[in-house]
Amino acid sequence: MTSSRLNLIQESATLAIAKLAADLKQEGRDVITLSLGEPDFDTPDYICESAIDAIRRGETHYTPSAGIAQLREAIAKKLHTDNGLDVTPDQVLVTPGAKQAVFVAVQAVLGEGDEAILLDPSWVTYDACIRYAGGRTVWAQTDHDFMPPDIKDYVTAKTKLIIINSPGNPTGAVFDKKYLEDIAEIAIDNEIVVLADEIYEKIIYGKKHFSIGSFEGMHDHVITINGFSKAYAMTGWRLGYMAAPAEITRAALKLHSHSVSHATSFVQHAGITALSPDHGSIDAMVNEFKARRDILVGGLQSMGFDCRKPDGAFYLFLDVGDYGGGDYVSKRLLNDAYIAVTPGSAFGPESSDFIRISYAASRERIYDALERIETTISATG
Ligand SMILES: Cc1ncc(COP(=O)(O)O)c(C=O)c1O
């Protein structure tokens, strides 16, 4: 009874783990959730206030499908100032969450049989979007530091898209400029579109973030995705955007207008406030994430794990190949230690030795988790 195209897609692994963890919590277990991709901070007050003001002003009606003009202008300005991109408000499409932007962008570019290059590991949703478009994912294995390989080796006459995400989910890796320049050159030479998902751009520890869309000659080749969920702790508000060459934005808008219509009206107004000077909330959040990262990495290293320090986002991708692999270890951690993490197999075919640990949890919970990991995993190795 269901569509064959949807049979190509699995349920999101992160949401499936969240459901299992919720079931255990329901049974009264003290579950430590290290599987979610969301900051555990509340949305800053001044952003909440601006949404409430917008509701009171009556900003509760339909808006233009692509988003209200003031927000699209604010986004174009942000992309210019922060990222060095040269886009007009018309090239911006505001969506309910960056996830929706990724979905419509991929559908806008890929057709039946087209190939998209995806780094292994990558965030779960990209592969699902590619499959739904009728495309084929060509996995490109990252190196020991989760940096991209030579992408040229994966390009064929059918390649239409390369997806990159830096700082990245699930590894926290931040790509150096040199890697991005290599990808840019390949995209220009082969007429390939690059989708750059920059949602973790602000959650970065000391390294510099580069936007590939700002590189010479890339203006007509890049779809930049970003959103408000991570930097402003606005996951539940559902607000994100894409900026792309006008032809791609127009194509994505067709699907967007016939599906979700537009992002919630008063949430768009809160988005304008979020993009104004940020009152220091991002710095405070990033400093806290950094402290948690250091606790987690230090604790795991002292247990003997070969653990690289991630430079961004709030994830650690840990090699547990010596302990039975990612699927086994994540099940064991959930059932024996009541810790929810995500198995690496969700992120790519060659990542099954890993688990993804999200450190968007309090320091206290991270210390608890380290103790439980030590007793369940390393003690029995
Ligand atoms: C890499 C990446 N892109 C996009 C998203 C989607 O974010 P949003 O909440 O804006 O849909 C996520 C969320 O986990 C993510 O990890």
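Residues numbered from 1 in each chain as written. Predicted model: local features only at pLDDT ≥ 70, side-chain atom pairs only at ≥ 80, totals over all residues. Heavy atoms only, no water.

## Thoughts on the pattern of salt bridges
Within this structure, the stated rule accounts for 22 salt bridges. Salt-bridge contacts for Arg-372 lead to Asp-30; the nearest nitrogen and oxygen are separated by 2.8 Å. Of the two residues, Arg-372 is situated in helix α11 (residues 363-378) and Asp-30 in the loop between α1 (13-26) and β1 (32-33); the sequence distance between them amounts to 342 residues. Accessibility expressed as a relative area gives 18% for Arg-372, which makes it buried. Between Asp-336 and Arg-332 there is a salt bridge, and its shortest N-O distance comes to 3.1 Å. Highlighted residues: Asp-336 and Arg-332, both in helix α10 (residues 326-337), separated by four residues, approximately one helical turn. Bridged by salt links that share partners, the residues Asp-30, Arg-365, Asp-368 and Arg-372 form one connected network. (Salt bridge = Lys/Arg side-chain N within 4 Å of Asp/Glu carboxyl O. Helix = DSSP H or I, 4+ residues; strand = E, 2+ residues; numbered from the N terminus. Buried < 20%, exposed > 50% of the residue type's maximum accessible area, 1.4 Å probe, protein only.)

## Some details on the domain arrangement of the protein chain
Taken as a whole, the protein chain is organised into domain 1 (6-43 + 280-378) and domain 2 (62-275). Each of domain 1 and domain 2 was reduced to a C-alpha centroid, and the two centroids are 25 Å apart. Every contact between the two is made by 36 residues of domain 1 and, on the other side, 34 residues of domain 2. Both sides together, the interface formed by domain 1 and domain 2 hides about 2900 Å², and carbon and sulfur atoms give 63% of it. Here domain 1 is connected to domain 2 by one salt bridge. At the junction of domain 1 with domain 2, the criterion picks out 17 residue pairs in polar contact (both at pLDDT 80 or more). Looking at the side of domain 1 that touches domain 2, the elements with two or more residues in it are α9 (281-302), β9 (315-319) and β12 (354-358). Here the side of domain 1 that touches domain 2 takes six residues from α9, the largest share from any one element. Looking at the side of domain 1 that touches domain 2, its residues break down into 20 nonpolar, seven polar and nine charged. (Domains from an automatic or database assignment. Contact = heavy atoms within 4.5 Å. Buried area = accessible area lost by both parts, 1.4 Å probe. Polar contact = N/O pair within 3.5 Å; in protein donor to acceptor, adjacent residues only side chain to side chain. Nonpolar A, V, L, I, M, F, W, Y, C, P; charged D, E, K, R; others polar.)

## Describing a negative patch on the surface
Together, Asp-42, Asp-45, Glu-49 and Asp-53 make up a negatively charged patch on the protein surface. Here Asp-42 lies in the loop between β1 and α2 (45-56). (Patch = residues over 30% accessible without salt bridge, like charges linked within 9 Å, V, L, I, M, F, W, Y side chains within 5 Å. Areas by Shrake-Rupley, 256 points an atom, 1.4 Å probe, with all protein chains shown as cover. Lys, Arg positive; Asp, Glu negative; His and termini not counted. Charge placed at Lys NZ, Arg CZ, Asp CG, Glu CD.)

## Re the packing of aromatic side chains
Scanning all chains against the criterion turns up 15 aromatic pairs. Measuring from ring centre to ring centre gives 5.6 Å for Tyr-200 and Phe-314, while their planes differ by 85°; the resulting arrangement is edge-to-face. Linking Tyr-200 in the loop between β6 (193-197) and β7 (222-227) with Phe-314 in the loop between α9 and β9, this pair joins segments that are 114 residues apart in sequence. Owing to a relative accessible area of 0%, Phe-314 belongs among the buried residues under this scheme. Each ring, one from Phe-305 and one from Tyr-323, has its centre 4.9 Å from the other, and the planes form 40°; the classification is tilted. Separated by 18 residues along the polypeptide, Phe-305 in the loop between α9 and β9 and Tyr-323 in the loop between β9 and α10 bring together distant segments of the chain. Exposure remark for Phe-305: the relative accessible area of 5% places this residue in the buried category. (Phe/Tyr/Trp six-rings, centres within 6.5 Å; stacked < 30°, edge-to-face > 60°.)

## Quick word on the sheet that holds β12
Pairing is antiparallel across the open sheet formed by three strands, whose spatial order is β9-β12-β11. Of all the strands in the sheet, just β9 and β11 (342-343) have a single pairing partner and so form its edges. As defined by bridge partners, β11 adjoins β12 across two bridges and the pair is classed as antiparallel. Within the sheet, the bridge partner assigned to Pro-343 lies in β12 and is Ile-355. Lying over the sheet, α9 contacts β9 and β12, oriented at roughly 10° with respect to β9. (Pairing = 2+ DSSP bridges. Axes fitted to C-alpha atoms, helices over the stretch in contact; angles between N-to-C directions.)

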